[in-house]
Amino acid sequence: MDENDLKRADLAYENEAFLNSPDGRVLRIVSEYAEPLARFRREQIQDTVVFFGSARFIGREAAESRLGEVGTLGANLSEKQLETSKKQAEAAVHMARYYEDARRLAFLLSQWSIQIPARRRRFVVTTGGGPGIMEAANLGAKEAGAKTVGLNIALPFEQSPNPYITPALNFEFHYFFMRKFWFAYLSKALVIFPGGFGTLDELFEILTLAQTQKLAKKILVVIYGSDYWRSLLNFETMVDAGTISPEDLELFKIVDSPEEGFEFLRDGLTKYHLVPETKHKGERVPEIAKTNP
């Protein structure tokens, strides 16, 4: 080749500098839609049930072990530090019941859903992919022998995926809004365990979509743990103030046991999403979801 010949340029879709630049942002956004869609289709995932809750809760065994270790720290901590550590460990034991309940509810739901005769996998347990309630739900689904999804998010302080996610359904997102899209798009039900800002964000986002009828499907919302939620939120105050309608309280159900939550989900999912719908001649049923255009 003559030394004056110009070197062939990189193909645009192989140009890493461009793909990672502001000009390539639209392609990155589209990728976080198209690549998960391809995987969900490949894995035959028709719809999901999404579990949200605190990433800080741990299982009962781990919490009790941590409490037992507090006594051995006495020589290395001040009295105040020891008291704080003990309170935190006691709180972890108290809140561990939610980890165990999320695990049990996900197990019951998955045990039922994998027996549904269908071409695709129905009501697959899905979480944000991290620790705490997310880990508990993925664990419960895996223990039932079901596939289970983790929609993780890339953060400055890395949140590693928990080990119970089905490897082919382990996702990592850069854009929060694309992750939120996949939570809502496939979901037929949402289960909200006690949690913090992120949990509240997801709860009210889904309730708003349901209230404003932006979803062309019935989405069931289970709020788990009346003690926690009634001490945090007073929905009746919103009704009394006229900021929501009385019928908006029917958009969700508060439950206090895995069995109660499972019965509500099973009955609702059967009623709204398993009973065959009457179709017009030639109408094509969407492969994995149904939403308003």
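So, here is what we can say about the structure in this document.

Thresholds, definitions, all that
- Residues numbered from 1 in each chain as written.
- Predicted model: local features only at pLDDT ≥ 70, side-chain atom pairs only at ≥ 80, totals over all residues.
- Heavy atoms only, no water.
- Pairing = 2+ DSSP bridges.
- Helix = DSSP H or I, 4+ residues; strand = E, 2+ residues; numbered from the N terminus.
- Axes fitted to C-alpha atoms, helices over the stretch in contact; angles between N-to-C directions.
- Contact = heavy atoms within 4.5 Å.
- Buried < 20%, exposed > 50% of the residue type's maximum accessible area, 1.4 Å probe, protein only.
- Phe/Tyr/Trp six-rings, centres within 6.5 Å; stacked < 30°, edge-to-face > 60°.
- Lys NZ or Arg CZ within 6 Å of the ring centre and 35° of its normal.
- Polar contact = N/O pair within 3.5 Å; in protein donor to acceptor, adjacent residues only side chain to side chain.

One open sheet holds the 7 strands; their spatial order is S4-S3-S2-S1-S5-S6-S7, and the pairing between them is parallel. The open sheet has two free edges, formed respectively by strand S4 (170-173) and strand S7 (253-255), since each of these has just one partner strand. Direction aside, the axes of adjacent strands within the sheet are offset by 25 degrees on average. Direction of pairing for strand S1 (residues 48-52) relative to strand S2 (residues 124-127): parallel, over a ladder of 3 bridges. For Thr 48, the partnering residue across the bridge sits in S2 and is Val 124. Contacts between helix H2 (residues 25-42) and the sheet are confined to strand S3 (149-153) and S4, with S4 contributing the most and set at about 175 degrees to the helix. Helix H10 (residues 258-274) contacts S1, strand S5 (187-192), strand S6 (220-224) and S7 of the sheet and is inclined by roughly 175 degrees relative to S6.

In terms of burial, S1 is a largely internal element, 5 of the 5 residues being buried. Pairing analysis gives 5 bridges linking S1 to S5, with the strands arranged parallel. Following the sheet pairing, Phe 51 is matched in S5 by Val 191.

Tallied over the entire structure, the rule returns 18 aromatic pairs. Ring geometry for Tyr 175 and Phe 177: centres 5.5 Å apart, planes at 45 degrees, overall tilted. The partly exposed category is assigned to Phe 177, whose relative accessible area is 45%. Ring geometry for Trp 182 against Tyr 185: centres 5.7 Å apart, planes inclined by 75 degrees, an arrangement best described as edge-to-face. Of this pair, Trp 182 and Tyr 185 both sit in helix H6 (residues 176-186), 3 residues apart, which is roughly one turn of that helix. Through successive ring pairs, a cluster of aromatic residues spans Tyr 33, Phe 40, Phe 171, Phe 173, Phe 181, Trp 182 and Tyr 185. The ring of Phe 171 has Arg 39 lying over it, and the distance from NZ or CZ to the ring centre is 4.0 Å. Cation over ring: Lys 218 sits above Tyr 272, and NZ or CZ is 5.6 Å from the ring centre.

Looking at the secondary structure, you find Ser 160 in the loop between S3 and S4. Assessed through its relative accessible area of 46%, Ser 160 is described here as partly exposed. Separated by 31 residues in the primary sequence, Ser 160 and Gly 129 place their C-alpha atoms 7.9 Å from one another. Those residues within four positions of Ser 160 in sequence are excluded, and the remaining contacts are Gly 129, Gly 130 and Asn 152.

Glancing now at the side chain of Glu 100. Within the secondary structure, Glu 100 sits in helix H4 (residues 79-113). Judged by its relative accessible area of 17%, Glu 100 is buried. Among the polar contacts listed, one links the side chain of Glu 100 to the backbone nitrogen of Arg 60, at a separation of 2.9 Å. Aside from chain neighbours lying at most four places away, what touches Glu 100 is Gly 59 and Arg 60.

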